[in-house]
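Given next are the chains, with one letter for each unit.
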Amino acid sequence: MSFTIGKNGSFIEHVKLDAYDISLLARGDGTEIMIQTIAKDNYFYIYPSENPDVMEFFYILQGELECEHEGEKIKFGPNDYYYAKNITENIHFKTLSDVVYLWVITEPTFYQLSESISEFTSIVEKVEQKDRYTMDHSERVATYAMKIAKKMRLSKERLENLYIASFLHDIGKINTPEEILNKPGKLTDEEYDIIKRHPSDGAEMVKGSYYDGIVTIIEQHHERLNGTGYPNRLQGEQIVLEARIIAVSDTFDAMTEDRAYRKGFTVQYCLDELKRLVNTHYDENVVRAFEEVLREEGRI
Ligand SMILES: [Fe+2]
Ligand SMILES: [Fe+2]
């Protein structure tokens, strides 16, 4: 249970840009509630979402703005509102004075504006530049993880956390020396110990961001069901499902892609390998869901 009170302009995160500022007040089950201020004489628009079920709702608290809709100009002032669902083209607005409105959207958007998240994203880009064999690794892992999680019917809120966590899972590698990341041969125990720090380092880095749920997921993405993983040798259910999903997506991507010392393996080979390690390393339900995804996509 949670009951949260916000007083006097409090917020989860606040972003200030040139013409506007925006505060995230609450989020849950994929829905976000924000307060946005836009300065006078600015243009903006709402645009179609990829997801037809998304609803966006705006309630004007202060100021005036106008929009153009079906060739007509419509003015909005305090206590007016509008909402959009399944629109097919952009709807354009202009602020006639400084405007403050409440904005509710049923799909996560704030992460695209969040300064902490964009900082994290740029660190991940640096990690991928350091390790030339992991270009776009994070994005692919996030894509696989989402497909598996949707198959397993995780709630919207968990999907959202999983998406951010899988995209950021290797962020802690920013501390791993390039020579170790790119070493073609076998790693020494010492070097391997350094690699093993990245889940905890990553968890530490994202602590305190408004995506609180991602800390544990990132910390546990190299744990294995039988306790042979790192950093904490957790077992079975001690490892959160989201981390078990990333473990499968991560391993699959590492195996299918080319490395310094070998070519990538075939999809079928990688899947067989995951299946061979079911219950010792990987979650059976996760691997089964992934197999279904690959089959639907015609990759096996
Ligand atoms: Fe990792
Ligand atoms: Fe990874």
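Predicted, not measured: the structure shown is a model, and the values here were computed from it.

Draft legend 1. Layout of helix α6 (residues 198–206). Where α6 is concerned, the buried positions are H198, P199, G202, A203 and V206. The buried residues of α6 all sit within an arc of 135 degrees when viewed along its axis, so they share a single face. Considering only its buried residues, α6 is in contact with α1 (115–130), α3 (156–168), α5 (189–195) and α7 (214–219). A positive backbone phi angle near 90 degrees is found at G208, which sits one or two residues after α6.

Draft legend 2. Main features of the packing of aromatic side chains. The final tally for this structure, using the stated rule, is 18 aromatic pairs. Plain terms: the ring middles of F265 and Y269 are 4.7 Å apart, the flat faces sit at 25 degrees to each other, and that makes the pair stacked. With a relative accessible area of 40%, Y269 lands in the partly exposed category.

Draft legend 3. Expanded view of the environment of G298. Here G298 is to be found in the segment after α10 (284–296). For G298, a relative accessible area of 59% corresponds to the exposed category. For the pair G298 and E190, spaced 108 residues apart in the sequence, the C-alpha separation amounts to 42 Å.

Draft legend 4. Inspection of a nonpolar patch on the surface at higher detail. Together, M1, F3 and I5 make up a nonpolar patch on the protein surface, roughly 500 Å² of accessible area in all. Judged by its relative accessible area of 99%, M1 falls in the exposed class.

Draft legend 5. Focus on the layout of surface pockets. Put simply, the largest pocket is a space of about 1500 Å³. Elements with a contribution of two residues or more to the lining of the largest pocket: β2 (20–28), β3 (31–38), β4 (43–46), β5 (55–62), β10 (99–105), α1, α2 (137–151) and α3. It is α3 that contributes the most residues to the lining of the largest pocket, seven residues altogether. Of the residues assigned to the lining of the largest pocket, the class counts are 26 nonpolar, eleven polar and eight charged.

What counts, and at which threshold
- Residues numbered from 1 in each chain as written.
- Chains lettered and ligands numbered in written order.
- Predicted model: local features only at pLDDT ≥ 70, side-chain atom pairs only at ≥ 80, totals over all residues.
- Heavy atoms only, no water.
- Buried < 20%, exposed > 50% of the residue type's maximum accessible area, 1.4 Å probe, protein only.
- Helix = DSSP H or I, 4+ residues; strand = E, 2+ residues; numbered from the N terminus.
- Arc of directions from axis to C-beta.
- Contact = heavy atoms within 4.5 Å.
- Phe/Tyr/Trp six-rings, centres within 6.5 Å; stacked < 30°, edge-to-face > 60°.
- Patch = residues over 30% accessible without salt bridge, like charges linked within 9 Å, V, L, I, M, F, W, Y side chains within 5 Å.
- Areas by Shrake-Rupley, 256 points an atom, 1.4 Å probe, with all protein chains shown as cover.
- Salt bridge = Lys/Arg side-chain N within 4 Å of Asp/Glu carboxyl O.
- 1 Å grid on protein atoms, 1.4 Å probe; cavity = no way out; pocket = protein on both sides within 12 Å on 5 of 7 lines; lining within 4 Å.
- Points joined across faces, edges and corners; volume = space filled by probe spheres on them.
- Nonpolar A, V, L, I, M, F, W, Y, C, P; charged D, E, K, R; others polar.

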